[in-house]
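Report on the structure
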Amino acid sequence: MRIIFCDSVFDNNLIEPDYEKEKNSALKNGLQFSLISYEELVAGNTSKALKNISKKESEEFGIYRGWMLTPEEYNNLFEGLLTKGIKLINSTSNYKHCHYLPESFQLIKSKTPKSVWTTNLDESNILKLAKEFGQNPIILKDYVKSEKHNWEEACYIENANDNSKVKSTVSKFLELRSNSLNQGIVFRQFEKLQFLTNHSQSGMPLTLEYRLFFLKGSLINIFNYWDEGKYNDELPSIEGFKEVAKTIESNFFTMDIAKKENGEWIIMELGDGQVSGLPDNADTDIFYCNLKENAL
């Protein structure tokens, strides 16, 4: 099995520093790795991006661990690696299924907040969409990411029926996301979650959340989602989430779960496992040990 990491912007022969710890753990567990240029890949120069990967004599199984890609960029990576004899764990359709919330929403609908979305960013359409939540508070994001560190200005709307606030929040959100906007916008019902602490920099409220990694249908790791705040040692009951996981059309993905104030656990979102980050508190040695044991 080969792990595909992003190289350093300044030296194509060195790994992106943020993944140095993961690389060391991969090597410690007997895994091989190769480097690609993320910058060349997103610029559409797939051949240049993969120039340091030699063609394999027989097909190798691969897992990408790097920065987020659009489905189109991921497809270029997937197809480019195939020409090198490396087949990534997730197809492009697998990747998109967990990368874009609307793609998998119906499968997690019973365990996740009410959500609506649109690619039509006309003001009247956006206000109409928000009104589906009445006077309830909502969260704004695109198909992949929010601007949660700009909580008050570009993420949280206290009253979905407050047209002025909806317009200003969406406007700021679109300004911040700019060319990085993923497809369209999503409104999600705001749920009162069990409070941990306020983020030390943005002031955003942090809540009790965990990140679950699933590989080939099996749960392989559970991590505290946040590096701030005091977690107790009691983990949530996850049997129901395991059942949902069996329906997800991906070989390697994450499921972020959170505890509501009333004690109920819900799914916040899914993500492709290859571009889902590990919290700073994660034991990367255990992560790659479990990855190897369950992938091969």
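These remarks concern the structure in this document. (Residues numbered from 1 in each chain as written. Predicted model: local features only at pLDDT ≥ 70, side-chain atom pairs only at ≥ 80, totals over all residues. Heavy atoms only, no water.)

**Here's the deal with the packing of aromatic side chains**
Taken as a whole and assessed by the stated rule, the structure comprises 19 aromatic pairs. Taken together, a centroid distance of 6.0 Å and an interplanar angle of 35° make the contact between Phe 213 and Phe 252 tilted. Of this pair, Phe 213 sits in strand 11 (residues 209–215) while Phe 252 sits in strand 13 (residues 252–259); the two residues are 39 residues apart in sequence, bridging distant segments of the chain. Of the two residues examined, Phe 213 and Phe 252, each falls in the buried class. Within the aromatic cluster, the residues linked to one another by ring pairs are Phe 213, Phe 223, Phe 252, Phe 287 and Tyr 288. (Phe/Tyr/Trp six-rings, centres within 6.5 Å; stacked < 30°, edge-to-face > 60°. Helix = DSSP H or I, 4+ residues; strand = E, 2+ residues; numbered from the N terminus. Buried < 20%, exposed > 50% of the residue type's maximum accessible area, 1.4 Å probe, protein only.)

**A short note on the pattern of salt bridges**
The final tally for this structure, using the stated rule, is 14 salt bridges. Here Arg 65 and Glu 22 are joined by a salt bridge, their closest N and O atoms 3.0 Å apart. In this pair, Arg 65 is assigned in strand 3 (residues 60–65) and Glu 22 in helix 1 (residues 20–28), connecting sequence segments 43 residues apart. The two residues Arg 65 and Glu 22 agree in class, both being buried. Between Asp 285 and Lys 28 there is a salt bridge, with its nearest N and O atoms 2.9 Å apart. With a gap of 257 residues between them, Asp 285 in helix 11 (residues 284–295) and Lys 28 in helix 1 connect regions that are remote in the sequence. Given a relative accessible area of 63%, Lys 28 falls into the exposed group. A single network of salt bridges, built from pairs that share partners, joins Asp 142, Glu 147 and Arg 177. (Salt bridge = Lys/Arg side-chain N within 4 Å of Asp/Glu carboxyl O.)

**Observations concerning the state of the cysteines**
In the structure shown here, the tally under the stated rule is zero disulfides. Free cysteine Cys 98: the closest other cysteine sulfur is in Cys 6, separated by 19 Å. Overall, Cys 98 belongs to the buried group, its relative accessible area being 1%. (Disulfide = S-S within 2.5 Å.)

**Details of the layout of surface pockets**
Reported here for the second largest pocket is a volume of approximately 250 Å³. In terms of lining, the second largest pocket is formed by 16 residues, of which the most central are Met 68, Thr 70, Arg 177, Ser 180 and Asn 182. Here the lining of the second largest pocket is built from residues that sort into seven nonpolar, six polar and three charged. (1 Å grid on protein atoms, 1.4 Å probe; cavity = no way out; pocket = protein on both sides within 12 Å on 5 of 7 lines; lining within 4 Å. Points joined across faces, edges and corners; volume = space filled by probe spheres on them. Nonpolar A, V, L, I, M, F, W, Y, C, P; charged D, E, K, R; others polar.)

**Section: the sheet that holds strand 8 (residues 185–189)**
Here four strands make up an open sheet; going across it, the order is 5-8-6-7 and the pairing antiparallel. With partners counted over all chains shown, the strands left at the sheet margins are strand 5 (115–118) and strand 7 (156–157), one partner each. Where strand 6 (residues 138–142) meets strand 7, two bridges bridge the pair, whose relative direction is antiparallel. Note on strand 7: the bridge partner recorded for Ile 139 is Tyr 156. Along the sheet, helix 6 (residues 101–108) contacts strand 5 and strand 8; its crossing angle with strand 5, the most-contacted strand, is approximately 155°. In the packing of helix 9 (residues 163–177) onto the sheet, the strands contacted are strand 6, strand 7 and strand 8, and the crossing angle to strand 6 comes to about 30°. (Pairing = 2+ DSSP bridges. Contact = heavy atoms within 4.5 Å. Axes fitted to C-alpha atoms, helices over the stretch in contact; angles between N-to-C directions.)

**As for the pairing of strand 1 (residues 2–6)**
Judged by how many residues are buried, strand 1 sits mostly within the fold: five of five residues are covered. With burial as the criterion, each face of strand 1 is covered, one bearing Arg 2, Ile 4 and Cys 6 and the other bearing Ile 3 and Phe 5. Strand direction decides the pairing type here: strand 1 and strand 2 (residues 32–36), joined by five bridges, are parallel. In the strand pairing of strand 2, Ile 3 is matched with Phe 33. Crossover handedness for the path strand 1 to helix 1 to strand 2: right-handed. Pairing analysis gives four bridges linking strand 1 to strand 3, with the strands arranged parallel. Within strand 3, the position partnered with Ile 4 by the bridge is Tyr 64. (Right-handed = clockwise from strand over helix to strand, strands pointing away.)

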